[in-house]
Amino acid sequence: MADIRPFKAYRPAKGKEELIASLPYDVFNRKEAAEAVKKNPDSFLSIDRPETFFPEDQDMYAPEVYAKAGEVLWERIEKKDFIRDEENCYYIYEQTMDGRVQTGIVALSSIDDYLNNVIKKHENTREDKEKDRIEHVYNCKAQTGPIFLCYRENDIISQIVDRVKEMDTPVYDFVSEDGVRSRVWVMEDEEENNMISRSFAGINEIYIADGHHRCASAVKVGLRKRKEDEGKVRGKQEYDYFLSVLFPDSQLMIMDYNRLVKDLNGMTAGEFLDKLSEKFDIKNEDAAVKPAAKGEFGLFLEKKWYRLKAHEDIMKDDPVEGLDVSILQNEVLSPMLGIGDPRSDKRIDFVGGIRGLGELEKRCNEDMEIAFSMYPTSIGELFAVADAGKLMPPKSTWFEPKLLSGLFIHPICGKL
């Protein structure tokens, strides 16, 4: 059973939400972050990326940088840029992108559920990325970036969400810099909040969709605080829970996550196509190839597009080995192109589907030789991998839209 709780969020004062809300810290490089904060000093990105307060040569992982994030956050809370709700609430967070709507519940999720595998992961995390967010959360004494979770749709939760959206007035309604409309409702009805808590308690599997590093970091901060506060009752402290937005599976869309390779590993284009033909049916195409089904791939090589269809004998039933990203890695990237570990090999790069197939052509004209367009991994495949206790290959899923930072803040000091 999942322990999902309402809470008292700090959130932007009315009228400041559009200035404060920011795309997550990890979609910006250092230069882009500095430019974004210079353009909008009120952006929450200045807190998520506190190196923007320092000269360009400042070590962005130095203690004084993390300390600055906490200092600025609480200064802005004190000057009423943020308000805090007086009662524990759930929040409804709706995003509309290109006409598609997804609506989640903003809540606290239990670190023990993560440790006990009620909240399931499907990706490995890197220690350096974890350490960065651990220090950020610890110095801010708050979680500022929500974890993107999903669950199999529950009728009771969906009915309550639909009622609130239909009958109540949102506290925020704005369009962010990425063109996504965001609306937020505060759920103040105690009975409905209790019904949501009970409904989540009847759900045995919650899945991390996006934000594995933020989630692992939040859990490790909670464990650190437990050691520091030895003797306090576990499960009752703010740090025993992490900030999350939970979406029903029916509303989510995973986009393609495409691959680029710098060279053909010593082969000519003809030799490479001959090798491919042993495992794929190959068809010439006049336009960019967006795969239409599982087991289908687009190939861009020497300014030409091809459609590849995997032979039946290389398709697998295993939840990981059967993923299209695994088929490409195991049958093409590793044995033919010499990409052994895509996490560390400098000859491969990844492009999220949000950038379009034109980005693949552009990169092949600039610094890469070959590109593969992918059929997106499905939510069902994500669930199957996590349920089997396995991990996906890197760069298997790309979720859009991204959750904004700064709309909800969860302080980790004190009691629930």
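Refer to the structure printed above.
An account of the accompanying structure is given in this report. Please read all numbers here as calculations on a predicted model, not as lab measurements.

Criteria and cut-off values
- Residues numbered from 1 in each chain as written.
- Predicted model: local features only at pLDDT ≥ 70, side-chain atom pairs only at ≥ 80, totals over all residues.
- Heavy atoms only, no water.
- Helix = DSSP H or I, 4+ residues; strand = E, 2+ residues; numbered from the N terminus.
- Expected span 1.5 Å × (residues − 1).
- Buried < 20%, exposed > 50% of the residue type's maximum accessible area, 1.4 Å probe, protein only.
- Contact = heavy atoms within 4.5 Å.
- Axes fitted to C-alpha atoms, helices over the stretch in contact; angles between N-to-C directions.
- Parallel < 35°, antiparallel > 145°, perpendicular 65-115°, else oblique.
- Left-handed = near helix turned anticlockwise from the far one by under 90°.
- Nonpolar A, V, L, I, M, F, W, Y, C, P; charged D, E, K, R; others polar.
- Phe/Tyr/Trp six-rings, centres within 6.5 Å; stacked < 30°, edge-to-face > 60°.
- Lys NZ or Arg CZ within 6 Å of the ring centre and 35° of its normal.
- Core = buried A, V, L, I, M, F, W, Y, C linked by side-chain atoms within 4.5 Å.
- Pairing = 2+ DSSP bridges.

1. Points about helix H9 (residues 212–228)
Item 1. With 17 residues, H9 should reach 24 Å at 1.5 Å per residue; the first-to-last C-alpha distance of 25 Å fits that figure.
Item 2. Among all positions in H9, only His 212, His 213, Arg 214, Cys 215, Ala 216, Ser 217, Ala 218, Val 219, Val 221, Gly 222, Lys 225 and Arg 226 are buried.
Item 3. As for H9, its buried residues are in contact with helix H5 (111–115), helix H6 (127–140), strand S7 (142–143), strand S8 (147–151), strand S11 (206–210) and strand S12 (241–248).

2. Observations concerning the packing of H6 against H9
Item 1. One can describe the packing of H6 onto H9 by two numbers: an axis separation of 8 Å at closest approach and a directional angle of 55°. By the criterion of interaxial angle, the relationship of H6 to H9 is oblique. The handedness of the crossing between H6 and H9 comes out as right-handed. Contacts between H6 and H9 involve Lys 129, Glu 130, Arg 133, Ile 134, Glu 135, Val 137 and Tyr 138 from the former and His 213, Arg 214, Ala 216, Ser 217, Lys 220, Val 221, Arg 224, Lys 225 and Glu 228 from the latter.
Item 2. Residue composition of the contact of H6 with H9, by class: five nonpolar, two polar and nine charged.

3. Thoughts on the packing of aromatic side chains
Item 1. Applying the stated criterion across every chain yields a total of 13 aromatic pairs.
Item 2. Above the plane of the ring of Phe 53 lies Lys 68, whose end atom (NZ or CZ) is 5.2 Å from the centre.
Item 3. Directly above the ring of Trp 398 sits Lys 402, whose terminal nitrogen or CZ lies 4.4 Å from the centroid.

4. Considerations on the nonpolar core
Item 1. Residues Phe 272, Leu 299, Leu 337 and Phe 372 are the most contacted members of the largest nonpolar core, which totals 71 residues.
Item 2. Setting aside chain neighbours within four positions, we find Phe 272 in contact with Leu 264, Met 267, Leu 299, Leu 301, Val 332, Met 336, Leu 337, Ile 370 and Phe 372.
Item 3. Formed by 30 residues, the second largest nonpolar core is a distinct cluster that contains Ala 107, Ile 119, Tyr 151 and Phe 242.

5. Overview of the environment of Phe 280
Item 1. Relative to the assigned elements, Phe 280 resides in strand S15 (residues 280–285).
Item 2. Taking the relative accessible area as the measure of exposure, Phe 280 reaches 2% and is therefore buried.
Item 3. In sequence terms Phe 280 and Gly 295 are 15 residues apart; their C-alpha atoms lie 9.4 Å from each other.
Item 4. When sequence neighbours within four positions are dropped, the list of residues in contact with Phe 280 reads Phe 297, Leu 308, Lys 309, Ala 310, His 311, Ile 314 and Val 332.

6. Some details on the environment of Glu 177
Item 1. With respect to the helices and strands, Glu 177 occurs in the loop between strand S9 (172–175) and strand S10 (181–187).
Item 2. Separated by 158 residues in the primary sequence, Glu 177 and Leu 19 place their C-alpha atoms 9.9 Å from one another.

7. What about the pairing of strand S14 (residues 257–261)?
Item 1. With five of five residues buried, S14 is to be regarded as a mostly interior element.
Item 2. The side-chain alternation of S14 yields two buried faces, one formed by Tyr 257, Arg 259 and Val 261 and the other by Asn 258 and Leu 260.
Item 3. Note that S14 and strand S18 (residues 348–352) share five bridges and pair antiparallel. Across the sheet, residue Asn 258 finds its bridge partner in S18, namely Val 351.
Item 4. Bridge count for S14 against strand S19 (residues 370–373) is three bridges, and the pairing is antiparallel. Pairing of Arg 259 across the sheet is with Phe 372, part of S19.

8. Details of the sheet that holds S14
Item 1. Read from one edge to the other, the open sheet built from six strands follows the order S15-S17-S16-S19-S14-S18, with strand pairing classed as antiparallel. Here the strands that pair on one side only, and so sit at the sheet edges, are S15 and S18. Neighbouring strand axes in the sheet, compared pairwise and without regard to direction, differ in orientation by 25° on average.
Item 2. Pairing of strand S16 (residues 296–301) with S19, which is carried by four bridges, proceeds in the antiparallel orientation.

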